[in-house]
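The lines below spell out each chain.
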Amino acid sequence: MAKFTSLLPGKELPEAKEDFRAAQKLEQYRLGEKAVYLPRGLSWEYIPVGEIRRAQRSRRVISAGHCVTVREEKPAVDLETEQGVFTLNLEKPASVAAVLEALGQKEE
């Protein structure tokens, strides 16, 4: 069975396993009612939803090439907590809206 570890020390959820089972799959992440789950090998790390102060649209830039550089922007969502900011790197722009909606956040 998968192991669940909180990314915020002291903010563990005893019902993480049950919440994970009911969580919505969004790309490589899972969005539960009580936590956002991030894959880490054969286990999962999570951020309790109640500890997320703010979620906002972000992006990352991927650069490649030596002679001719290529820059590609990819969507992301930054989750701000007391412990710092955690970034969910996504592939589809529609996934950003789904994450923000699931967390009850409005797009800015």
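One can find the structure itself at the top, above this paragraph.
Residues numbered from 1 in each chain as written. Predicted model: local features only at pLDDT ≥ 70, side-chain atom pairs only at ≥ 80, totals over all residues. Heavy atoms only, no water.

1. Structural notes on the packing of aromatic side chains
Scanning the model with the defined rule gives 5 aromatic pairs in all. Aromatic pair F4 and F20: ring centres 5.0 Å apart, planes at 55°, arrangement tilted. Here the residue F4 occupies a position in strand β1 (residues 4–6), and F20 occupies one in helix α1 (residues 16–22), the gap between them amounting to 16 residues. Of the two residues, F4 and F20, both sit in the buried class. When the centroid spacing of 4.8 Å and the interplanar angle of 55° are considered together, the rings of F20 and W44 count as tilted. Residue F20 is found in helix α1, and its partner W44 is found in strand β5 (residues 43–48); the two are separated by 24 residues along the sequence. Here the aromatic cluster, defined as three or more aromatic residues joined through ring pairs, consists of F4, F20, Y37, W44 and Y46. (Phe/Tyr/Trp six-rings, centres within 6.5 Å; stacked < 30°, edge-to-face > 60°. Helix = DSSP H or I, 4+ residues; strand = E, 2+ residues; numbered from the N terminus. Buried < 20%, exposed > 50% of the residue type's maximum accessible area, 1.4 Å probe, protein only.)

2. So, the environment of L7
On the secondary structure map, L7 appears in the loop between β1 and α1. The exposure class assigned to L7 is partly exposed, which follows from its relative accessible area of 21%. Between the alpha carbons of L7 and Y29 there is a distance of 14 Å; along the sequence they are 22 residues apart.

3. A look at the pairing of β5
As judged from the 3 bridges shared by β1 and β5, these two strands associate in the parallel manner. Opposite S6, over in β5, you have Y46 as the bridge partner. Bridge count between strand β4 (residues 35–40) and β5: 6 bridges; the pairing is antiparallel. Opposite A35, over in β5, you have P48 as the bridge partner. (Pairing = 2+ DSSP bridges.)

4. With respect to the pattern of salt bridges
This model, assessed by the stated rule, comprises 8 salt bridges. Among the salt bridges present, the one from E91 reaches R60, with a minimum N-O distance of 3.3 Å. With a gap of 31 residues between them, E91 in the loop between β8 (84–89) and α2 (93–102) and R60 in strand β6 (residues 52–64) connect regions that are remote in the sequence. The class of E91 is partly exposed, set by a relative accessible area of 45%. For the salt bridge of E91 with K74, the shortest nitrogen-to-oxygen distance reads 2.9 Å. Separated by 17 residues along the polypeptide, E91 in the loop between β8 and α2 and K74 in strand β7 (residues 70–81) bring together distant segments of the chain. Relative accessible area serves as the criterion here: at 15%, K74 is assigned to the buried category. (Salt bridge = Lys/Arg side-chain N within 4 Å of Asp/Glu carboxyl O.)

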